[in-house]
Amino acid sequence: YDFNIKGELRHLDTNESFVFNYYKSRFEQNHKRYEVLGRFITQYVYELLERVCMLQKVYIPTDATEDEPRSFFFMSKNALTSSSSLIILLQDRGVFCAGQWGQKTIVSDGLRHGTQIPFIKMALQSHWEVIVLNPNDNFADLKTEKHHFSTREEAVTFTQSVWWIPKRGSSSPEEHTMYVWDHFISKSAAKNVAFIAHGYGGLVFVDLLVQRTCEVMNKVFSVAFIDSVHNTQHQTRNNPQIQEWILKCCREWVSNSKPLNKTVDFLLRTNCPTVSAGTEKYGLAPSCCLHAIFRYLKSSLKAK
């Protein structure tokens, strides 16, 4: 398989899309094959972030010892020194890493819909700086690094905790985001920071807002949520100051049958203005509201 000129994943010989059920009715083997593809896609997207988007890879924690497992994130060259606006991309929870909105979407709909690259390009074209977080890179797998097993079954008999080592400063999406905030974003020269947060990323942002309230409120001018799973009341413990800030500075796009940007009313969650993403498919929501989100961020910046 490879990506064609349109960024769609196709079989090199047959030109067909990825076949999940390759081994008839053998779920385990098909899943293993899909996992391998996922690892190749992850490496390929990392490569595109550096080669096409010209982003730099930054390893964390910054004080890691030589043999300590590290995580990393990506940022544009002048992300910390430029005074222009800074956009932070924060994706959903899952097996996918930095630069991806969703692995399944990349496989079925291509790089244009499943990766964050169109968002990065648009931010850079607007002369904004970018930081691409890597919130799902939480553990180092010692099994693949240092131990070799003859069979998968043999490996499974050991408890997972023996082989999975949490990465310091990044053992969860929340910890990773706070680490990058404390050591990089909060110290950046940018006075205007915006977040684009998808799915669980929205919950992670609200967690950061609760933990670093004054800092975030002073530095972040706008947040675009996409199908976020945050819960304002629960997470903020009904703090009126935070709730007021969310109402004023955030907007959410949700998968919905209504046309793009039409108001969607949620009975349970009226924490910020909510509009349709212009699609009912969760995986396509980010790419469908890309232009709408940038229009919103630019108008928020003007208003500020």
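Along each chain, the written sequence defines residue order, and numbers are assigned to residues from 1. At least 70 in pLDDT is required for a residue's local features to be given in this predicted model, at least 80 for side-chain atom pairs to be given and counted, and no such filter applies to totals for whole chains, interfaces and linings, which use all residues. Excluding hydrogens and water, the side-chain figures rest on all heavy atoms present in the structure.

*Asks:* Residues and numbers for the nonpolar core, please.
*Replies:* The criterion is simple. A nonpolar core is a set of buried Ala, Val, Leu, Ile, Met, Phe, Trp, Tyr and Cys residues joined through side-chain atoms within 4.5 Å. Residue burial is assigned from relative accessible area. The probe radius is 1.4 Å, only protein chains are included, and a residue is buried under 20% of its type maximum, exposed over 50%, and partly exposed in between. One finds I196, W253 and I293 to be the most contacted residues of the largest nonpolar core, which totals 46 residues. It is helix α1 (residues 27-51) that provides the largest number of residues to this core, a total of seven residues. Contacts of I196, omitting those with residues within four sequence positions, involve I87, I88, L89, L90, W101, F119, A224, I226, I293, F294 and L297. Within the second largest apolar cluster, 38 residues are counted, among which are L90, L209, M217 and C272. Here a strand is any run of E in DSSP of at least two residues, a helix any run of H or I of at least four, and the numbering for each starts at the N terminus. Note on definitions: a residue-residue contact is assigned when non-hydrogen atoms from the two residues lie within 4.5 Å.

*Asks:* How would you summarise the side chain of Q91 if you had to cite specific residues and measurements?
*Replies:* Following the sequence through the fold, Q91 ends up in the loop between β5 (86-90) and α2 (103-109). Among the polar contacts listed, one links the side chain of Q91 to the backbone oxygen of C97, at a separation of 2.8 Å. When residues no more than four places from it in sequence are discounted, the contact partners of Q91 are F96, C97, A98, Q100, W101, Q116, L133, P135, N136, H198 and G201. Any N or O atom pair separated by 3.5 Å or less is treated as a polar contact, with the protein-specific requirement of one donor-capable and one acceptor-capable atom, and with residues adjacent in sequence counted only for side-chain atom pairs.

*Asks:* Can you lay out the sheet that holds strand β12 (residues 274-276) for me, pointing to particular residues and giving the numbers?
*Replies:* One bridge is not enough; two strands pair if DSSP finds at least two bridges between them. Spatially, eight strands are ordered β3-β4-β6-β5-β9-β10-β11-β12 in an open sheet, and the strand pairing comes out mixed. The sheet terminates laterally at β3 (56-60) and β12, the two strands that pair on one side only. Here the strands of the sheet are splayed against their neighbours by 20° on average, with no regard to which way each runs. Bridge count between strand β11 (residues 250-254) and β12: three bridges; the pairing is parallel. When the bridges of β12 are listed, E252 appears paired with T274. For helices, the fitted line uses only the C-alpha atoms of the stretch in contact; every axis is such a line through C-alpha atoms, and the angle between N-to-C directions lies from 0 to 180 degrees. Across the face of the sheet, helix α12 (residues 240-249) comes into contact with β10 (220-226) and β11 while running at roughly 65° to β11.

*Asks:* With reference to specific residues and values, describe the pairing of strand β4 (residues 71-75).
*Replies:* Of all five residues that make up β4, five are buried, and the element is covered over most of its length. Bridge count for β3 against β4 is five bridges, and the pairing is antiparallel. The residue of β4 that forms the bridge with I60 is S71. As paired strands, β4 and strand β6 (residues 129-132) are joined by two bridges and run antiparallel to one another. Looking across to β6, one finds that F74 is bridged to V132.

*Asks:* Break down the environment of E244 for me, with residues and values.
*Replies:* Structurally, the position occupied by E244 is in helix α12. Under the relative-accessibility criterion, E244 is labelled exposed at 58%. Spatially, the C-alpha atom of E244 lies 13 Å from that of C214, the residues being 30 residues apart in sequence.

*Asks:* For the pattern of salt bridges, give the residues involved together with the corresponding values.
*Replies:* Opposite charge on two side chains permits them to pair, given that their charged atoms come into close proximity. The working definition used for a salt bridge is a side-chain nitrogen of Lys or Arg within 4 Å of a carboxyl oxygen of Asp or Glu. Applying the stated criterion across every chain, the model contains six salt bridges. Put simply, D137 and K167 hold a salt bridge, and the shortest N to O gap is 2.9 Å. Taken as a pair, D137 in the loop between β6 and β7 (139-141) and K167 in the loop between β8 (164-166) and α8 (173-183) lie far apart in primary sequence, 30 residues in all. Note on D137: relative accessible area 11%, which makes it buried. R212 is the salt-bridge partner of D182, the closest N and O atoms lying 2.8 Å from each other. In this pair, D182 is assigned in helix α8 and R212 in the loop between α9 (200-211) and α10 (213-219), connecting sequence segments 30 residues apart. Overlapping salt bridges, with partners in common, bring together D63, E68 and R168 in one network.

*Asks:* Talk me through the packing of α8 against α9; I want residue IDs and the actual numbers.
*Replies:* In the contact formed by α8 and α9, the axes pass within 9 Å of each other and the chain directions differ by 55°. With respect to α9, the axis of α8 lies oblique. Relative to α9, the crossing made by α8 is right-handed. In this structure, α8 contributes P173, E174, T177, M178 and W181 to the contact, and α9 contributes Y200, L203, V204, D207, L208 and Q211. Tallied by class, the residues present in the contact of α8 with α9 amount to seven nonpolar, two polar and two charged. Angular relationships are summarised with four words: roughly parallel below 35 degrees, roughly antiparallel beyond 145, roughly perpendicular across 65 to 115, and oblique for the angles in between. Crossing handedness is defined as follows: a turn of the near helix away from the far one that is anticlockwise and smaller than a right angle gives a left-handed crossing, while the clockwise case is right-handed. Amino acids are sorted into nonpolar (Ala, Val, Leu, Ile, Met, Phe, Trp, Tyr, Cys and Pro), charged (Asp, Glu, Lys and Arg) and polar (every other residue, Gly among them).

*Asks:* Outline the packing of aromatic side chains, supporting the account with residue identities and numerical values.
*Replies:* Any two of the Phe, Tyr and Trp rings considered here, Trp counted by its six-membered ring, make a pair once their centres fall within 6.5 Å; the pair's planes then place it as stacked at under 30 degrees, edge-to-face at over 60, or tilted in between. Tallying each qualifying case throughout the model produces 19 aromatic pairs. Measuring from ring centre to ring centre gives 5.1 Å for W101 and F119, while their planes differ by 75°; the resulting arrangement is edge-to-face. Of this pair, W101 sits in the loop between β5 and α2 while F119 sits in helix α4 (residues 117-125), placing them 18 residues apart in sequence. As far as the burial class goes, W101 and F119 line up, both buried. An aromatic cluster is built from Y1, F18, F20, F27 and Y34, whose rings are joined through pairwise contacts. Whether a charge sits over a ring depends on NZ of Lys or CZ of Arg being within 6 Å of the ring centre and within 35 degrees of the ring normal. A cation sits over an aromatic face here: R70 above Y59, 4.1 Å from the ring centre. Lying across the ring of W128, K298 places its NZ or CZ 6.0 Å from the centre.

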